[in-house]
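Notes for the structure review
The chain contents come next:
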Amino acid sequence: MNSIPVVIFLGAPGAGKGTQAAYLSRAKGIPKISSGDMLRAAVHEDSPLGRRVHEIMKNGGLVDDETMLSLIKDRISKPDSSDGFILDGFPRNRHQAEELETVLPLHGRVIAINIQASEEEVVKRIAGRRNCPKCGHVYNVYFHPPADDEKCDLDGTTLFRRNDDSDLVVRKRIMTYKKETLPLIDYYKKKGVLKAINGVQPQDDVTHEVLAAVQ
Ligand code: AMP
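Residues numbered from 1 in each chain as written. Predicted model: local features only at pLDDT ≥ 70, side-chain atom pairs only at ≥ 80, totals over all residues. Heavy atoms only, no water.

1. Description of the site of the ligand
We count it as follows: Any residue with at least one heavy atom within 4 Å of a molecule or strand is counted as near it. We define a polar contact as two N or O atoms separated by no more than 3.5 Å, with the added condition that, inside protein, one atom must be a possible hydrogen donor and the other a possible acceptor, whereas residues neighbouring each other in sequence contribute only through side-chain atom pairs. Working definition of accessibility: Shrake-Rupley area with a 1.4 Å probe, residue cover restricted to the visible protein chains. Secondary structure counts use DSSP, requiring at least four H or I residues in a row for a helix and at least two E residues in a row for a strand, with both numbered from the N terminus. Put simply, Ala, Val, Leu, Ile, Met, Phe, Trp, Tyr, Cys and Pro go in the nonpolar bin, Asp, Glu, Lys and Arg in the charged bin, and everything else, Gly too, in the polar bin.
Taken together, 16 residues lie near the ligand, and Ser-35, Arg-40, Gly-61, Gly-89 and Gln-96 sit nearest. Arg-40 places a polar side-chain atom, nitrogen or oxygen, 3.0 Å from an oxygen atom of the ligand. Taking Arg-173, its side chain carries an N or O atom lying 3.4 Å from an oxygen atom of the ligand. Within the complex, 95% of the 480 Å² of free accessible area of the ligand lies under protein. Broken down by element, the residue count for the shell around the ligand peaks at four residues, all from helix H2 (residues 35–45). For the shell around the ligand, a count of residues per class yields six nonpolar, five polar and five charged.

2. Notes on the packing of aromatic side chains
The following threshold applies: The criterion for an aromatic pair is that two Phe, Tyr or Trp rings (for Trp, the six-membered ring) have centres within 6.5 Å, with stacked assigned to planes under 30 degrees apart, edge-to-face to planes over 60 apart and tilted to the rest. Burial classes follow relative accessibility: with a 1.4 Å probe on protein chains only, a residue under 20% of its type's maximum area counts as buried, one over 50% as exposed, and anything between as partly exposed.
Under the criterion given, the structure shown has two aromatic pairs. Centre to centre, the rings of Tyr-142 and Phe-143 are 6.3 Å apart; their planes meet at 70 degrees, and the pair counts as edge-to-face. A residue is classified by how much of its surface remains accessible, and Tyr-142, at 54% relative accessible area, is exposed. Phe-143 sits in the partly exposed class, given a relative accessible area of 39%. Geometrically, the ring pair formed by Tyr-187 and Tyr-188 is edge-to-face, given 5.0 Å between the ring centres and 90 degrees between the ring planes. Of the two residues, Tyr-187 and Tyr-188, both sit in the buried class.

3. Observations regarding the nonpolar core
So the rule is basically this: Grouping buried Ala, Val, Leu, Ile, Met, Phe, Trp, Tyr and Cys residues that are joined through side-chain atoms within 4.5 Å yields what is termed a nonpolar core. Between two residues, a contact is recorded if the distance between any of their heavy atoms is within 4.5 Å.
Residues Phe-9, Ile-113 and Tyr-188 are the most contacted members of the largest nonpolar core, which totals 49 residues. Residues within four places of Tyr-188 in sequence aside, it is in contact with Ile-8, Leu-10, Pro-91, Ala-97, Leu-100, Val-110, Ala-112, Val-193 and Leu-194.

Structure (structure tokens):
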């Protein structure tokens, strides 16, 4: 029986993948595995991996497939992933997608969710995006501001702006997305596992559609 959910979030930077993946993770009790968060943690810790990927991330490029595959394979082999998991930011190109298939759980049921949002919309959203370094909660100073200026509502930590969220780097990340990641929509569509969701509607409505898609 194919029953273990493997949910892949696709969509441009700023489309809302991370936010929706976090809701789904809580609702389903399965981990959210964010490749970007894992890399940012490595940069923050100044580990050898972090030092290697820092410049690439800062400039909006993609980290090499070999590094990403070993990071993700390692993470999904952990016991907490055995009942399913949610991927946010991985795969990012066809090679990663093909390699992922070779390590998916035997009884995995893959669902790829494409959160759709226009380029204009994502650029606007990213300009206001602020992150909590402690709990990872994401705010938007224009659309979902924290109650207290630049502090996290949940734990009071001072929010920060990702250094790859600057306007220039965002344009580069969108270019990279179009060239490398956009073709994955067709890839998963051909496999019959793609669900497209309008990401430009109230957040709760997006969540509702995401939950319905994985039932
Ligand atoms: P994200 O938080 O998903 O926007 O990722 C931030 C940055 O991490 C990206 O711009 C890339 O430099 C790098 N990154 C994250 N996931 C991947 C991936 N699957 N393959 C290559 N690079 C990645």
